[in-house]
Amino acid sequence: MNETPRAAGWQPRSRGRLSLYSLPSCPPWPGVCISKVCSMGNGTSRLYSALAKTLNNSTASQHPEYLVSPDSEHLEPIDPKELLEECRAVLHTRPPRFQRDFVDLRADCPTSHPPIRVMQWNILAQALGEGKDNFVQCPVEALKWEERKCLILEEILAYEPDILCLQEVDHYFDTFQPLLSRLGYQGTFFPKPWSPCLDVEHNNGPDGCALFFLQNRFKLINSANIRLTAMTVKTNQVAIAQTLECKESERQFCVAVTHLKARTGWERFRSAQGCDLLQNLQSITQGAKVPLIVCGDFNAEPTEEVYRHFASSSLNLNSAYKLLSADGQSEPPYTTWKIRTSGECRHTLDYIWYSQRALSVTSALDLLTEEQIGPNRLPSFNYPSDHLSLVCDFSFNEEPEGLL
């Protein structure tokens, strides 16, 4: 099995030298208990001792407006290499990360601008992982947040996405927003109206979708938080859609993140949610004039109707991970693999859709093999989520504007 030692050197794509200071206070959720956050590593860890201090500060803001991000503009940036080293120090007793390679998918179409790296990942809400999902083969110790968050951050830092689309985020304000903002990302969070996380004792608030982009690469043109409907009824599932302008090329595109309804028996419901999302994206992209990337946990196999809706949409979308197959027409055999009390589940549920006339996939991150995943499946001491991360590099096609 190929593994990546945590002690190995890390060569970042150029981000510049940064420095490290304290994190902001975070607003507690109304009626929700925030459990004590422990320092990551030993007492010399400036980053996470500061995080623990701010979360346990009795003078922290009491406002329940969780749609408003804490102000972190006054804070100094974090060196991504330093943060990665901190994560690896905390994880030194765990098995090393597995090596996943990027598959080169470039056609003979050179571009003058660097590719846009997009990461899609259902990171597994902490409250659900510990309290509701019943991963019977996963040791309780593997799910402890103090270490699991380091595994999540290590995965993100290893692949350095320009755009990061996450689902099941229930630690947005105390972990991902303050840390990623200081790595240069601008973030948006949209929680589920009735998150199942709130049913779990000592939860950290509702889970939802989060979208981050690097501010030095993109300018935000507009943003929409979408509560999805099914048969005209508002549902518990959400999406975020943002139009960005690439600062290098001045080309605009839309990126969206969503998480559709889970479980067998809800196929028609997911189909209706997908149709609603497509209708919203049709409007946002002005009838496909603006190129589009849609990331999400669709909770739907390729055989489901919602998948066919996206594949046949007038937005002319293709699924990026099909390109890893021999014929370019087949999805991966799995993007999630877990064992619950109800049995073993191996499914393809996660996708990165893109406007195939306007965009090309230049590379895609290969998936973990069955051998790497291991007999106890996911999550594990090696891997923090029951879903695999998907990562693609995109470039703009040099076509006339009217053909996009």
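Before reading on, note that the structure itself is shown above.
Owing to the predicted nature of the structure, the values given are computational and were not obtained by experimental measurement.

Colleague: Sorry, what's going on with the overall build of the protein here?
Modeller: Along the protein, the regular secondary structure elements total eight helices and 17 strands. For the protein, buried positions account for 57% of its 404 residues. For the protein, contacts bridging at least 24 residues in sequence account for 80% of all contacts bridging at least 6. Carbon and sulfur atoms form 49% of the exposed surface of the protein, whose accessible area is close to 17,300 Å².

Colleague: I would appreciate a short explanation of the side chain of Thr188 in the present structure.
Modeller: With respect to the secondary-structure elements, Thr188 resides in strand β6 (residues 185-191). With a relative accessible area of 17%, Thr188 lands in the buried category. Polar contacts involving the side chain of Thr188 include one to the side chain of Gln242, which spans 2.8 Å.

Colleague: What exactly am I supposed to notice about the sheet that holds strand β3 (residues 102-104) here?
Modeller: As summarised here, the arrangement of the seven strands in space is β3-β16-β17-β4-β5-β7-β6, forming an open sheet in which the pairing is mixed. This sheet does not close on itself; its edge strands, each paired only once, are β3 and β6. Adjacent strand axes in the sheet meet at a mean angle of 25°, parallel and antiparallel pairs treated alike. Along the sheet, helix α4 (residues 145-159) makes contact with β3, β4 (116-122), β5 (163-169), β16 (359-365) and β17 (390-396), crossing β4 at roughly 160°. Running over the sheet, helix α5 (residues 172-181) touches β5, β6 and β7 (208-214) and is turned about 160° from β6.

Colleague: Explain helix α6 (residues 267-284) to me, please; I cannot follow it from the model alone.
Modeller: Compared with the 26 Å implied by 1.5 Å per residue over 18 residues, the 26 Å span of α6 between its first and last C-alpha is a close match. Listed as buried for α6 are Arg270, Ser271, Ala272, Gln273, Gly274, Asp276, Leu277, Leu278, Leu281 and Ile284. Where α6 is buried, its residues meet β8 (218-230), β9 (233-246), β10 (252-259), β11 (292-297), α7 (305-311) and β12 (317-319). Trailing α6 by a residue or two, Gln286 shows a phi angle of about 55°, which is positive.

Thresholds, definitions, all that
- Residues numbered from 1 in each chain as written.
- Predicted model: local features only at pLDDT ≥ 70, side-chain atom pairs only at ≥ 80, totals over all residues.
- Heavy atoms only, no water.
- Helix = DSSP H or I, 4+ residues; strand = E, 2+ residues; numbered from the N terminus.
- Buried < 20%, exposed > 50% of the residue type's maximum accessible area, 1.4 Å probe, protein only.
- Contact = heavy atoms within 4.5 Å.
- Areas by Shrake-Rupley, 256 points an atom, 1.4 Å probe, with all protein chains shown as cover.
- Polar contact = N/O pair within 3.5 Å; in protein donor to acceptor, adjacent residues only side chain to side chain.
- Pairing = 2+ DSSP bridges.
- Axes fitted to C-alpha atoms, helices over the stretch in contact; angles between N-to-C directions.
- Expected span 1.5 Å × (residues − 1).

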